[in-house]
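Chain by chain, the residues run as shown.
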Amino acid sequence: MREIVVAKSAGFCFGVSRSVKMAEELLKDGPAYSLGQLIHNDDVVSKLGAMGLTVIDSPGQLPRGAKVMIRSHGVSKAVCDALAERDAEIIDATCPKVKKIHEIVSKASEKGSFVVIIGMHNHPEVEAVCGWCGDHVLCENVEELGIWWENNPLIHDNAITMVIQTTQTRNNFTECANFLKKRCTNAEIFDTICGATSTRQEEASKLSAKCDAMVVIGGKHSANSVHLAEICREACANVQFINNADELDMDTLKAAHTVGVTAGASAPSWIIKEVSNKMSEEIRNEEIKIDETAVEEKELSFDEMLEESIKPIYNGDKVTGYVVAITGTEISVDIGTKYSGFIPTAEFTDDGAKLEDVIKVGDTIEAVVVRVNDVEGTAMLSKKRLDAAKSWSEVEEAANNGGILEGVVVEENKGGIVVSVKGVRVFVPASQSGLPKDAEMSQLLKQKVRVKIVEFNHSRKRVLGSIRAVVQKERRERAEAIWSEIEEGKKYHGVVKSMTSYGAFVDIGGIDGMVHVSELSWSRVKNPAEVLAVGDEVDVYVISFDKEKRKISLGYKDPDGNPWAKFMSAYEVGSVASVTVVKLMPFGAFAEVLPGVDGLIHISQIANRRIGKPEEVLSVGDVVEAKITAIDEEKQKISLSIRALSEPAPAAAAEEEVSEE
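Residues numbered from 1 in each chain as written. Predicted model: local features only at pLDDT ≥ 70, side-chain atom pairs only at ≥ 80, totals over all residues. Heavy atoms only, no water.

Looking at the packing of helix H6 (residues 142–151) against helix H7 (residues 170–183)
Next up, step 1: Running from N to C, H6 and H7 point in directions that differ by 25 degrees, and their axes come no closer than 9 Å. Overall, the two elements H6 and H7 adopt an arrangement that is roughly parallel. As for the relative orientation of H6 and H7, their crossing is right-handed in sense. Where H6 abuts H7, its residues Val-142, Leu-145, Gly-146 and Trp-149 lie against Asn-172, Glu-175, Cys-176, Phe-179, Leu-180 and Arg-183.
Next up, step 2: Grouping the constituent residues of the contact of H6 with H7 by class yields 6 nonpolar, 2 polar and 2 charged. (Axes fitted to C-alpha atoms, helices over the stretch in contact; angles between N-to-C directions. Helix = DSSP H or I, 4+ residues; strand = E, 2+ residues; numbered from the N terminus. Parallel < 35°, antiparallel > 145°, perpendicular 65-115°, else oblique. Left-handed = near helix turned anticlockwise from the far one by under 90°. Contact = heavy atoms within 4.5 Å. Nonpolar A, V, L, I, M, F, W, Y, C, P; charged D, E, K, R; others polar.)

Overview of the confidence of the model for the protein chain
Next up, step 1: Scored by pLDDT, the protein chain has a mean of 83; 91% of the residues are at 70 or more.
Next up, step 2: When mean pLDDT is compared element by element in the protein chain, strand S7 (residues 136–139) scores highest at 96, while helix H11 (residues 302–309) scores lowest at 37.
Next up, step 3: Predicted confidence is poor over residues 285–310, with pLDDT under 50, and the contacts of this stretch with residues over four places away or in other chains come to 11 contacts. (pLDDT = per-residue confidence, 0-100.)

Concerning the sheet that holds strand S3 (residues 53–56)
Next up, step 1: What the 4 strands build is an open sheet, ordered S3-S2-S4-S5; its pairing is parallel. With partners counted over all chains shown, the strands left at the sheet margins are S3 and strand S5 (89–92), one partner each. Strand-to-strand twist across the sheet, computed as the mean angle between neighbouring axes with direction ignored, equals 30 degrees.
Next up, step 2: The pairing of strand S2 (residues 32–35) with strand S4 (residues 67–70) spans 3 bridges and is classified as parallel. In the strand pairing of S4, Ser-34 is matched with Met-69.
Next up, step 3: Contacts from helix H3 (residues 77–85) reach S2, S4 and S5 within the one sheet, and its direction differs from that of S4 by about 170 degrees. (Pairing = 2+ DSSP bridges.)

Here's the deal with the packing of aromatic side chains
Next up, step 1: Enumeration over the complete set of coordinates arrives at 7 aromatic pairs.
Next up, step 2: Their ring planes at 65 degrees and their centres at 5.5 Å tell us that Trp-392 and Phe-456 sit as a pair that is edge-to-face. Here Phe-456 lies in strand S21 (residues 448–457) and Trp-392 lies in helix H14 (residues 383–401), a separation of 64 residues in the sequence.
Next up, step 3: The interplanar angle of 90 degrees and the centroid separation of 6.2 Å between the aromatic rings of Phe-587 and Phe-590 together place this pair among those described as edge-to-face. (Phe/Tyr/Trp six-rings, centres within 6.5 Å; stacked < 30°, edge-to-face > 60°.)

Some points on the side chain of Thr-192
Next up, step 1: In this structure, Thr-192 sits in the loop between strand S9 (187–189) and helix H8 (195–209).
Next up, step 2: Of note is the side chain of Thr-192, whose polar atom sits 2.5 Å from the backbone oxygen of Ile-164.
Next up, step 3: In contact with Thr-192, other than residues within four places in its own chain, are Ile-101, Ile-104, Val-163, Ile-164 and Thr-166. (Polar contact = N/O pair within 3.5 Å; in protein donor to acceptor, adjacent residues only side chain to side chain.)

Re the pattern of salt bridges
Next up, step 1: This model, assessed by the stated rule, comprises 21 salt bridges.
Next up, step 2: Ionic pairing is found between Lys-182 and Glu-455, a salt bridge with its closest N-O pair at 3.0 Å. A residue pair is termed long-range when its members are at least 10 positions apart, and Lys-182 in helix H7 and Glu-455 in strand S21 qualify at 273 residues.
Next up, step 3: Lys-182 sits in the partly exposed class, given a relative accessible area of 47%.
Next up, step 4: In this structure, the salt-bridge partner of Glu-477 is Lys-473, at a minimum N-O distance of 2.6 Å. One end of the pair is Glu-477 and the other is Lys-473, both in helix H15 (residues 467–485) and 4 residues apart, which spans about a single turn.
Next up, step 5: Looking at Glu-477, the relative accessible area reads 44%, which means it is partly exposed.
Next up, step 6: Each of Arg-475, Lys-497, Asp-507 and Asp-512 takes part in salt bridges that share partners, so that together they form one network. (Salt bridge = Lys/Arg side-chain N within 4 Å of Asp/Glu carboxyl O. Buried < 20%, exposed > 50% of the residue type's maximum accessible area, 1.4 Å probe, protein only.)

Here we look at the pairing of S4
Next up, step 1: Here S4 pairs with S5 via 4 bridges, running parallel. Of the residues in S5, the one forming a bridge with Val-68 is Ile-90.
Next up, step 2: For the crossover from S4 across H3 to S5, the handedness is right-handed. (Right-handed = clockwise from strand over helix to strand, strands pointing away.)

Description of the sheet that holds strand S25 (residues 512–516)
Next up, step 1: Strand order in this closed barrel of 5 strands is S23-S24-S25-S27-S26, and the pairing throughout is mixed. Averaged over all pairs of adjacent strands, the angle between their axes in this sheet comes to 55 degrees, without regard to strand direction.
Next up, step 2: Two elements, S25 and strand S27 (residues 551–555), share 2 bridges in a ladder whose sense is parallel. For Met-514, the partnering residue across the bridge sits in S27 and is Ser-553.

So, the environment of Leu-248
Next up, step 1: With respect to the helices and strands, the residue Leu-248 is situated in the loop between strand S11 (239–242) and strand S12 (258–263).
Next up, step 2: Along the chain, Leu-248 and Val-275 lie 27 residues apart, while their C-alpha atoms are 7.5 Å from each other.
Next up, step 3: Beyond its immediate chain neighbours, meaning those up to four positions away, Leu-248 contacts Val-215, Gln-240, Ile-242, Leu-253, Val-275, Lys-278 and Met-279.

This is the structure we're talking about:
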């Protein structure tokens, strides 16, 4: 054993530290009680017991009116009520992060939401959470969640709220959250894992990957300590899970070059120090032997002594250095150690890029150590692997918080497409591509798309995404924006989505509005297809809207091209116009005065003789001279007369006088 590395965040978390300090302050005024062990550490509990803190198991054991501490794990509402009935002086040391979960499940239950709790069975924190909600289920992992889901089909359509024990692992949260997201459209998922827990677990994972042995300090009934030990065992075969220095087995550590130390949230710093000191004694003995034999050799070479004092690097370490030389095969990097770092140039040129365009001497670069050669004093580095790890972290974060990422469609395969998101391959099923059913997926190749990560499994290198979810979300947001600012007369640029016999539906950016056939043109239109086609980009304006019914009536014809306005500016009663007969009826003929403006020639005004049908004198398409005899501006109606032009003026005047009588 040559080196001990203690994890930076090992030991008390905020909640535990807070509860212990509260207990110590409380005990200065005399003895008190704790409902259950204050924290999951026998040594700390014994120390507090010696100071006057008595542990009880239930409210019934508390003397009436006594002081009692609620531990950092919290208690149920029923327990709080029972303590109040005994007139207890309550000192609430519940961790604020646990309190937050109580609030979440309580509000969810009030709204009628079914609560899913992910956590350890019989754990005090989880039991307390269960006591603050109505209908709920407790599952320890995704396997239990799956069994419960299959056996309870009546729950599938319910609103569901998911929370997780503060000391659970990130992987467990991700798996359970993704399970519910895929099966429940109205699931509300809260990431209630303590940030300190996540940090501690991440450090333990990284440390155990580069150490020959790991020592995990914590109580066997401490959930976060148990999880730390599990995480360390995934990367390191030699792991000791101990309560204190007395349980440390030094024989199993002698062959280890580097030993890592981490500790659960309920392990005090003095126990961590005792464990470290016990191991340090072994290290000092070995170092004396090594130093005694090395002094004579290294007194003659200060440079060698200095070089030996430099901390070694290990596979998987992240390093930062600067480029000192570039050759055709490798890039030399000074990483500030006795090792000469190098990165193969292929990492920078395998996508066709020119080396001089992407890297130059003097550039600072981050990379990960791939292989160390102690004999040659070299370290092979990889920037690509580090970038890939960062990319996976970003994609995982997006999966956890519902974030949206941008990528490029690089492949079409059976059932969907593959999108490259920061170098991570994300599979998008055809149903989530945003394209209509049976559409060609190839049309998306090489296109930039925005993807929501809906499933993430790093160990299986499996990532699923949805373009459709992004499109729907953005469409909803645009729709809400339109409804919030819509007003009559407002103009929009849209796309024709569908056609009917009575009009066209136009997407104006998240909402479809209808352009009635009568609003397509000032001229007569029999079929909307005469004017528009699906896919046409058009400028429209709002005629009317109903927010409650979510309906919008749009206009397409140009208001400035109103033919009636043109008619009124050019003609008046008594004007003569060349008109075109457009329709014959038993009572007369309709004639176009201007495009979009028709007038009626009554049968009595077609000829200066009596006729039985308009067809006896006129045919559709005839162009005739007619006099405007009346204009109804309100109803936009025009009366025309051919007869008035074929009779003498006095006779016409006399006729008008008779008609007025």
